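A closer look at the structure
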2 protein chains.
Amino acid sequence: MRKTLILFLFGCLFLNGQQNRTIADGVAFLYNESLTNGKSYDWLDQLSNQIGGRLSGSLSEALAIEWAKEELEALPLDSVWLESVMVPKWVRGTFEYANIESSPGNTINVNICALGGSIATPSIGIKANIVEVKGIEELAQLGENKIREKIVFYNRPMQNSLVNAFEAYGNAVDQIYNGVAEAAKFGAVGVIVRSLNFRLDDYPHTGTMSYGELPINKRIPAASISTNDAELLSSMIALNPNIRFFIKQNCRNYPEVKSFNVIAQIDGSESPENIIMVGAHLDSWDLGDGAHDDGAGVVQSMEVLRLLGIKKGYRPKNTIRVVLFTNEENGLRGAKDYASGVRSKNEKHLLALESDTGGFTPRGFSFDTADRYFRKILSWKPYFKPYYIHLFDRKGSGTDVNLLKESALVLAGLRTDSQRYFTHHHSEMDTFEEINKRELEMGAATMAALVYLTDQLGVE
Amino acid sequence: MRKTLILFLFGCLFLNGQQNRTIADGVAFLYNESLTNGKSYDWLDQLSNQIGGRLSGSLSEALAIEWAKEELEALPLDSVWLESVMVPKWVRGTFEYANIESSPGNTINVNICALGGSIATPSIGIKANIVEVKGIEELAQLGENKIREKIVFYNRPMQNSLVNAFEAYGNAVDQIYNGVAEAAKFGAVGVIVRSLNFRLDDYPHTGTMSYGELPINKRIPAASISTNDAELLSSMIALNPNIRFFIKQNCRNYPEVKSFNVIAQIDGSESPENIIMVGAHLDSWDLGDGAHDDGAGVVQSMEVLRLLGIKKGYRPKNTIRVVLFTNEENGLRGAKDYASGVRSKNEKHLLALESDTGGFTPRGFSFDTADRYFRKILSWKPYFKPYYIHLFDRKGSGTDVNLLKESALVLAGLRTDSQRYFTHHHSEMDTFEEINKRELEMGAATMAALVYLTDQLGVE
């Protein structure tokens, strides 16, 4: 009896060891294939350099949707389709112009760009005194008397002391998103915001802003100013608070237009009703070519399906789906429509994994899930160790997949090395030249590995 | 009695918790100061852009030595001195020239650079047929008949499948270091080596080569060719094995000259005889400005002493020393002389930590030490966790500190994210513009933290 038990236990250990090795070999295949024969870098070259920046509802976004659909159709998948989504359409128009007038007739040009969603200035521009604040609280303290008829200049930098660059971004982004409506309430005629960039350089960074409940006739134009010029402006205000600032921009909001989420999948062989989703957003801002935000995530997500599709003898148990969302940057309509479709079809997502932190070296994931699923995932850490993947935290997932809370057991976001992200983010510095091929490919493999482990080992 | 015991244990836990917090606060100070008021980036700007590439024994290395000494003297340290070292002096001369002659009179120019230590070609250059090999073994199989009077072309790429870029480098570097002497033994007239770079681009990467025991009259010129041109050359050889290759270079070896290690320290307040050393190499190759290799390590090591020197109320128990080695790239003479000085003075090093993997995001350390010291260091992992420092492995330390084996309890090397390193390494792509300020500063703080922990908690 004892002997039998020992043999049985030994057998279990052996089978378990064998399974571990098979799984580890599977993970190794994904990294090896991505790093030696990967398609992500070529795909990103096409998306960035043949199509470029692709703001929702633009012609170039339509081209990107067409391109992604065709590339996915060329893979051995079970289905590829488009999900129609109505999106806001905002157009920058001709490039913005701004200067600081230190005394009548003496001007210094500075680098600005309109914030996404902003209205234009009158065609002759606006010129006004400046009031510099560190944030919305300081604005409220100053009150309407000191703000009326002025341009509000939000100049709170990202905190260099924070090691996690996304945390520093999160602490500063309210100036962009909420700052404009707040300034308008106090009678400001325009808003200038310091670019969200750790670095001092000459590139203004855009981003989406909201007028909140502000009626149309109360809306004021808003722009971002480069970090170097924010420093300049601040020092000039310190010398002479009466300097004036001139802005001219002719961006415009149009009626909504039709766009699409691009979706493709490999049907599950055992439980096709269980979906493992990977995704990213196909739209980008218009200043660069959107290689890091979020072209990288797009091609990595496509690569996950390609890698799993060519893995010899592997047929996923569950359905593996890629979703390329439209309109993440200025409306989140793609994610909203996808999530409501999932709810109405009562589709169950085991995992919804997003890549939207740039094509930098992957460090791990952030999970939004229940303890029991998280514990299961933590047990997979050893499979990731050879690839220097060490981060398994629980600080959110991804902007798009976050809307799937009701339908997914596990929401997750790929987490990359964040130090360089905000040099590029939402600016003309976000270009394909700034992508390192191996870092991009490592990210694709890391996503593929999580999908593969979820499919093979289950999270439940 | 039981109550007393509980109180005692509680007291111990409390004191222990308090110490942990004090230590954690100390580490936090180092990161915060480096990221908000750090000097490393400015220093590196000076070293890279005012001095530039600084091959041992060159005028610019002499300037770098003078600069480092002056900057260290401006810090509140106890002593700064120079250690005299004789170093080889090799000079590239005018830029190299090479072409592929596909048929008489039809040539295509390609990008090469002489390998460090190589002799010149005759002033009219050399032109010969090419024999392409994947390495020294294949060379030996071909034998003298097929090699005599030819130029040997080593074309084994770095393995993309390896996640650790340094491992891929280690597997390929024999072609450069040993390949020339081997080819000469079989009667080759010259050697061309594929640049050690994952990326396909147009920049040749240099590096040190050895003629071994080869007598002077048997030595042959050797150069590195860019990865793009290596691919071109290989495909042209496949089409026509009789194509000829032309090289002209006029580099030269001069008699040895005097150089210096730059050394500075804060004397220990309790055990000044115990030394905690940080260091890097001050020399670099001549093609770029040596910002990553190893300007980054130099300014990070200097920053460690600055950070510890300004930490309020902190007086190191042990002596904290910085050593900036000369001649790491082509001779290791600085490290040899420093190590022999340490041995003859019988100086005890608790830790010798080197930074020589570029100014990229720090991931951790590699240690070369006994199990018991390693276990102690592993217990410090929680202090590093907030800074995403996770790698504590045992695969070597640093080229310079490696010579201190007899005199140090712990040898260590900072380990950075390695994916981008070989894009820059030993080429004109190694420039200050390719440095990310925060990544550099994180590295300095990470080194300072290990030094601080070693000083406060001891490794014994």
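Residues numbered from 1 in each chain as written. Chains lettered and ligands numbered in written order. Predicted model: local features only at pLDDT ≥ 70, side-chain atom pairs only at ≥ 80, totals over all residues.

**Observations concerning the overall build of chain A**
Each helix and strand counted, chain A has 15 helices and 16 strands in total. Put simply, chain A has 460 residues, and 54% of those count as buried. (Helix = DSSP H or I, 4+ residues; strand = E, 2+ residues; numbered from the N terminus. Buried ≥ 20, exposed ≤ 12 C-beta atoms within 10 Å, placed from the backbone.)

**Observations regarding the environment of F374(A)**
With respect to the helices and strands, F374(A) occurs in helix α12 (residues 371-378). In sequence terms F374(A) and G341(A) are 33 residues apart; their C-alpha atoms lie 26 Å from each other.

**Some thoughts on the domain arrangement of chain A**
All names here are of chain A. Domain annotation for chain A reports domain 1 (29-90 + 255-457) and domain 2 (93-250). Using C-alpha coordinates to define each centre, domain 1 is positioned 33 Å away from domain 2. The interface of domain 1 with domain 2 comprises 15 residues on the first partner and 18 residues on the second. By residue number, the principal contributor to the side of domain 1 that touches domain 2 is helix α14 (residues 421-424), which donates 3 residues. (Domains from an automatic or database assignment. Contact = placed C-beta atoms within 7 Å.)

**Quick word on the sheet that holds strand β13 (residues 348-354) of chain A**
Residue and element names in this part refer to chain A. Read from one edge to the other, the open sheet built from 8 strands follows the order β1-β10-β12-β11-β13-β16-β14-β15, with strand pairing classed as mixed. Of all the strands in the sheet, the pair left with one neighbour each is β1 (79-91) and β15 (391-393). Neighbour-to-neighbour, the strand axes of the sheet open up by a mean angle of 20 degrees, direction not taken into account. Sheet topology places strand β11 (residues 271-281) next to strand β12 (residues 318-325); 8 bridges connect them, and they run parallel. Counted as the bridge partner of I275 is T319 from β12. In this fold helix α10 (residues 291-310) packs onto β10 (252-266), β11, β12 and β13, with an angle of close to 150 degrees to the strand it touches most, β11. (Pairing = 2+ DSSP bridges. Axes fitted to C-alpha atoms, helices over the stretch in contact; angles between N-to-C directions.)

**A short note on the relation of the copies chain A and chain B**
After a rotation of 180 degrees and a shift along the axis of 0.0 Å, chain A superposes on chain B with an RMSD of 0.0 Å. A rotation of that kind, with that shift, is consistent with a two-fold axis. Relative to the rotation axis, the C-alpha of H390(A) is the closest in chain A, positioned 3.6 Å from it. Interface overlap between copies: 100% of the residues of chain A at the interface are likewise at the interface in chain B, consistent with a symmetric, same-surface contact. (Least-squares fit on C-alpha atoms with pLDDT ≥ 70 in both.)

**A closer look at the interface of chain A and chain B**
Between chain A and chain B, the contact holds 22 residues from the first and 22 residues from the second. At the level of secondary structure, the elements contributing two or more residues to the side of chain A that touches chain B comprise α1 (2-37) and α15 (437-457) of chain A. Among the residues forming the side of chain A that touches chain B, the class breakdown is 7 nonpolar, 8 polar and 7 charged. (Nonpolar A, V, L, I, M, F, W, Y, C, P; charged D, E, K, R; others polar.)

**Some thoughts on the packing of helix α2 (residues 40-51) of chain A against helix α3 (residues 59-73) of chain A**
Residues and elements named next belong to chain A. Where α2 meets α3, the axes come as close as 10 Å, and the angle between the chain directions of the two elements is 155 degrees. As far as their axial angle goes, α3 and α2 are roughly antiparallel. Every pair of crossing elements has a handedness; the one defined by α2 and α3 is right-handed. On α3, the residues that touch W43, Q46, L47 and I51 of α2 are S60, L63, A64, W67 and E71. Looking at the contact of α2 with α3, its residues break down into 6 nonpolar, 2 polar and 1 charged. (Parallel < 35°, antiparallel > 145°, perpendicular 65-115°, else oblique. Left-handed = near helix turned anticlockwise from the far one by under 90°.)

**Re the nonpolar core**
Grouped together as the largest cluster of nonpolar side chains are 79 residues, with contacts concentrated most on L44(B), V304(B), L351(B), L353(B), A448(B), A449(B) and V451(B). Per-element tally for this core: the top contributor is helix α14 (residues 437-457) of chain B, with 11 residues. When sequence neighbours within four positions are dropped, the list of residues in contact with L353(B) reads M277(B), V278(B), V401(B), A412(B), L414(B), M447(B), L450(B) and V451(B). Formed by 77 residues, the second largest nonpolar core is a distinct cluster that contains L30(A), V299(A), L324(A) and F384(A). (Core = buried A, V, L, I, M, F, W, Y, C linked by C-beta atoms within 7 Å.)

**Here we look at the sheet that holds strand β8 (residues 222-225) of chain A**
Residue and element names in this part refer to chain A. Ordered by their spatial adjacency, 8 strands build an open sheet running β3-β2-β9-β5-β6-β7-β8-β4, and the pairing between neighbours is mixed. Either end of the sheet is taken by a strand with one partner, and the two such strands are β3 (106-110) and β4 (112-114). On average, each strand axis in the sheet is tilted by 30 degrees relative to the strand beside it, whichever way the strands run. Relative to strand β9 (residues 244-248), strand β2 (residues 97-103) runs antiparallel, the two being bridged by 5 bridges. Within β9, the residue paired with N99 across the bridge is F246.

**Some points on the confidence of the model for chain A**
Averaged over all residues, the pLDDT of chain A equals 96, while 97% of them reach at least 70. Scored by ipTM, the complex comes to 0.94, with pTM at 0.95. (pLDDT = per-residue confidence, 0-100.)

**What about the packing of α2(A) against α10(A)?**
Helix-helix packing is described using two parameters, namely the angle between the two axes and the distance between the axes. Residues and elements named next belong to chain A. At their nearest, the axes of α2 and α10 sit 9 Å apart, and the two run at 135 degrees to each other. On the basis of the axis angle, α2 is oblique to α10. Here α2 and α10 pass one another in a crossing that is right-handed. Side by side, α2 and α10 meet where S40, W43, L44, L47 and S48 of the first sit next to A291, G295, A296, V298, V299, Q300, M302 and E303 of the second.

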